Amino acid sequence: MAKIVIIGGGWAGCSAALTAKKTGADVQLIERTDLLLGLGNVGGIMRNNGRFTAAEENIAMGAGELFEITDQCAAHRNVDFPGHRHASFYHVIKTEPAVRRLLTERGISLRMMTRITDVIREEDRVKAVTTADEKTFEGDAFVDCTGTTGPMGNCMEYGNGCSMCILRCPAFGPRVSISEKAGGCDYMGKRADGTPGAFSGSCKLEKESLSEELRQRLERDGVAVVPLPEEMINEGKLSKKVCRQYALPQYAANVILIDTGAVKMMTPFFPLEQLRQVQGFENARFADPYAGGKGNSIRYMAVAEREPSMRVKGVANLFCGGEKSGLFIGHTEAISTGAIAGHNAGRYTRGGHPLILPDTLAIGALLAYEKAGGGMITFAGDEFFQYMQTQGLYTTDREKIAARVEAAGLSRVYDC
Ligand SMILES: Cc1cc2nc3c(=O)[nH]c(=O)nc-3n(C[C@H](O)[C@H](O)[C@H](O)COP(=O)(O)OP(=O)(O)OC[C@H]3O[C@@H](n4cnc5c(N)ncnc54)[C@H](O)[C@@H]3O)c2cc1C
């Protein structure tokens, strides 16, 4: 049986593991921390704007399991908030265990708290990946889903210091770029002013630290928009954040909260003393990142140059997904790119041609899209969502999306 090794257990790695397994391979998923989902443990927003279309394309192609979980674990569904329509917010505490159960049930072997630090090459292929304590994982194909965040040195150099985020580099060790170790070339995303990387765009507050009135409003509506006093409005922060879909004036003029079981605050960071001057936030306290009063994690530090098939350029049997595979923002983007990467790793081990998704699908269009200046893109807003609309790709009509996938000859393609 062919063996596929996936490095990095964020949304992209979990998705790649599921599609690789469906090709009949023996699949090992290696994650350096004690949690799957990586950054997905602090996000939660799904199905907003063009992400709805992309989720349904995945479902029609046979990669629906992770969307079933996020739908089932939704704390709120079909919510509109500034600049965004029909969003759902998955519960960030309930989702990870549900994904872990699914992967185990499917027979995917999970190696948690295992950090890959090096690669053994044989000609233009990866033979094995290794850990610092000399464990070796051999495979016929590999998928790099290690993300692009941090590690600490990058957050210190390009951010405001280690913000103590969910990835917990000081405890579990730094991210390592497998693509680069294997001989591929990585590049960095850039902010509008050319600074490498960008700040993650939201933080989590302890729910108990909000006023009773604000907490009840948030739990009832899913969203709370709290206007900021004029002197606290800082539009400069908008250009620093990754999430271009939230770089709208409303996000500078208000504190926008989202109920994901936890309280998601839609700003990269906010000085605690100032925040506590806003009504309802008098006792506010950050839950993630711990240093959310000062900074946030820095992302897009190591994106691999890849082919349309998701293969890392120059390495025959290494594929990539998620943020590693492009300047893509989001869980849906990570699941979508992870799914095709895992599937093509499986095709490679069977000697088949890779599947290239056509640009008649939103996912294929995302993979082919390049923003001038190398900026980040997402189905959920900004330039690429506008592009989806002008190309007629955006729709929330499930039957239409399934028909489009069928017309491309890709219905249930991931099932075989
Ligand atoms: C605060 C915050 C809020 C967000 N909110 C949302 C949201 O609401 N909606 C949305 O769609 N998107 C959101 N995002 C963006 C989204 O979370 C990411 O774009 C997406 O989850 C990236 O997934 P990934 O699998 O590519 O990478 P990651 O989530 O970074 O996963 C990479 C994994 O690889 C592991 N790893 C790294 N190096 C190694 C190694 N050497 N060996 C083994 N394992 C390794 C890491 O530990 C990690 O688990 C948010 C991001 C942040 C930071």
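Computed from a predicted model, the values in this text were never measured in an experiment. (Residues numbered from 1 in each chain as written. Predicted model: local features only at pLDDT ≥ 70, side-chain atom pairs only at ≥ 80, totals over all residues. Heavy atoms only, no water.)

Thoughts on the pattern of salt bridges
We count it as follows: A pair is scored as a salt bridge if a Lys or Arg side-chain nitrogen falls within 4 Å of a carboxyl oxygen belonging to Asp or Glu. Helix and strand definitions here come from DSSP, where helices need a minimum of 4 consecutive H or I residues and strands a minimum of 2 consecutive E residues; each element is numbered from the N-terminal end. Three labels apply to residues, based on accessible area from a 1.4 Å probe with only protein chains included: buried if under 20% of the type maximum, exposed if over 50%, partly exposed otherwise in between.
In total, this model carries 23 salt bridges according to the counting rule given. Residues Arg51 and Glu333 are paired through a salt bridge, measuring 3.1 Å at the closest nitrogen-oxygen approach. With Arg51 in helix H2 (residues 51-61) and Glu333 in helix H11 (residues 331-349), the pair connects residues that are 282 residues apart, well separated along the chain. By relative accessible area, Arg51 is classed as buried at 3%. Residue classification places Glu333 among the buried residues on the basis of a relative accessible area of 1%. Between Asp415 and Arg412 there is a salt bridge, and its shortest N-O distance comes to 2.7 Å. Residues joined by salt bridges that share partners form a network here, namely Lys22, Glu65, Arg106, Arg412 and Asp415.

Section: the packing of aromatic side chains
Let me state the cut-off plainly: Geometry of aromatic contacts follows a simple scheme: Phe, Tyr and Trp rings, the Trp one being its six-membered ring, pair when their centres are within 6.5 Å, and the pair is stacked under 30 degrees between planes, edge-to-face over 60, tilted otherwise. Sitting over a ring, as applied to charges here, requires NZ of Lys or CZ of Arg to be within 6 Å of the ring centre and within 35 degrees of the ring normal.
Evaluated as defined, the whole model comprises 9 aromatic pairs. Relative to Tyr90, the ring of Trp11 lies with its centre 5.7 Å away and its plane at 75 degrees, an arrangement referred to as edge-to-face. Taken together, the positions of Trp11 in helix H1 (residues 11-22) and Tyr90 in strand E5 (residues 84-90) put the pair 79 residues apart, joining distant regions of the chain. Here the two residues Trp11 and Tyr90 agree in accessibility, since each one is buried. Taken together, the aromatic side chains of Tyr369, Phe379, Phe384 and Tyr387 make up a single cluster linked through ring pairs. Above the face of the Phe52 ring, Arg47 is positioned so that its terminal group lies 4.9 Å from the ring centre.

So, the environment of Gly236
With respect to the secondary-structure elements, Gly236 resides in the loop between strand E14 (223-227) and helix H9 (250-253). The class for Gly236 is partly exposed, based on a relative accessible area of 39%. On a C-alpha basis, the gap between Gly236 and Ala252 in space is 8.6 Å, while along the polypeptide they are 16 residues apart.

A look at the nonpolar core
This is how the line gets drawn: We call a set of buried Ala, Val, Leu, Ile, Met, Phe, Trp, Tyr and Cys residues a nonpolar core when their side-chain atoms join them within 4.5 Å. Contacts were defined at the residue level, with two residues in contact if any of their heavy atoms lie within 4.5 Å.
Membership of the largest hydrophobic core comes to 64 residues, with the highest contact counts inside it found for Ile6, Met61, Leu103, Val143, Leu357 and Tyr414. Among the elements that take part in this core, H1 stands out by supplying 7 residues, more than any other. Once you skip the residues sitting within four places of it in the chain, Ile6 turns out to touch Gly13, Ala16, Ala17, Ala20, Val27, Gln28, Leu29, Ile30, Val143 and Cys145.

Considering the domain arrangement of the protein
Operational definition: The domain boundaries here were taken from an automatic or database domain assignment. Buried area: the accessible area, evaluated with a 1.4 Å probe, that two parts lose upon being put together, summed over both parts. Basically, the charged four are Asp, Glu, Lys and Arg, the nonpolar ten are Ala, Val, Leu, Ile, Met, Phe, Trp, Tyr, Cys and Pro, and anything else, Gly included, counts as polar.
Entries for the protein in the domain assignment read domain 1 (3-193 + 299-415) and domain 2 (198-288). Computed over C-alpha atoms, the centres of domain 1 and domain 2 are 27 Å apart. On the domain 2 side, the residues contacting the 34 residues of domain 1 number 31 residues. Buried surface at the junction of domain 1 and domain 2, summed over both partners, amounts to about 2,300 Å²; 62% is from carbon and sulfur atoms. Looking only at domain 1, the three residues that lose the most surface to domain 2 are Pro82, Arg191 and Arg299, adding up to 24% of its buried area. Our count for the contact surface shared by domain 1 and domain 2 stands at 0 salt bridges. Taken together, the elements giving at least two residues each to the side of domain 1 that touches domain 2 come down to strand E4 (74-81) and E5. Tallied by class, residues from the side of domain 1 that touches domain 2 come to 16 nonpolar, 12 polar and 6 charged.

What about the pairing of strand E8 (residues 125-131)?
Definition in use: A pair of strands is treated as paired once DSSP finds two or more bridges between them.
Among the 7 residues of E8, 5 are classified as buried, and the element is accordingly described as predominantly covered. Here 6 bridges tie strand E7 (residues 116-122) to E8, and the two strands are oriented antiparallel to one another. Considered in E8, the bridge of Ile116 is made with Thr131. If you look at the hairpin formed by E7 and E8, you'll find 2 residues sitting between the two strands, and Glu123 has a positive phi there, around 55 degrees. Alignment of E8 against strand E9 (residues 136-138), held across 3 bridges, turns out to be antiparallel. Residue pairing for E9: Val129 is matched across the bridge by Phe137.

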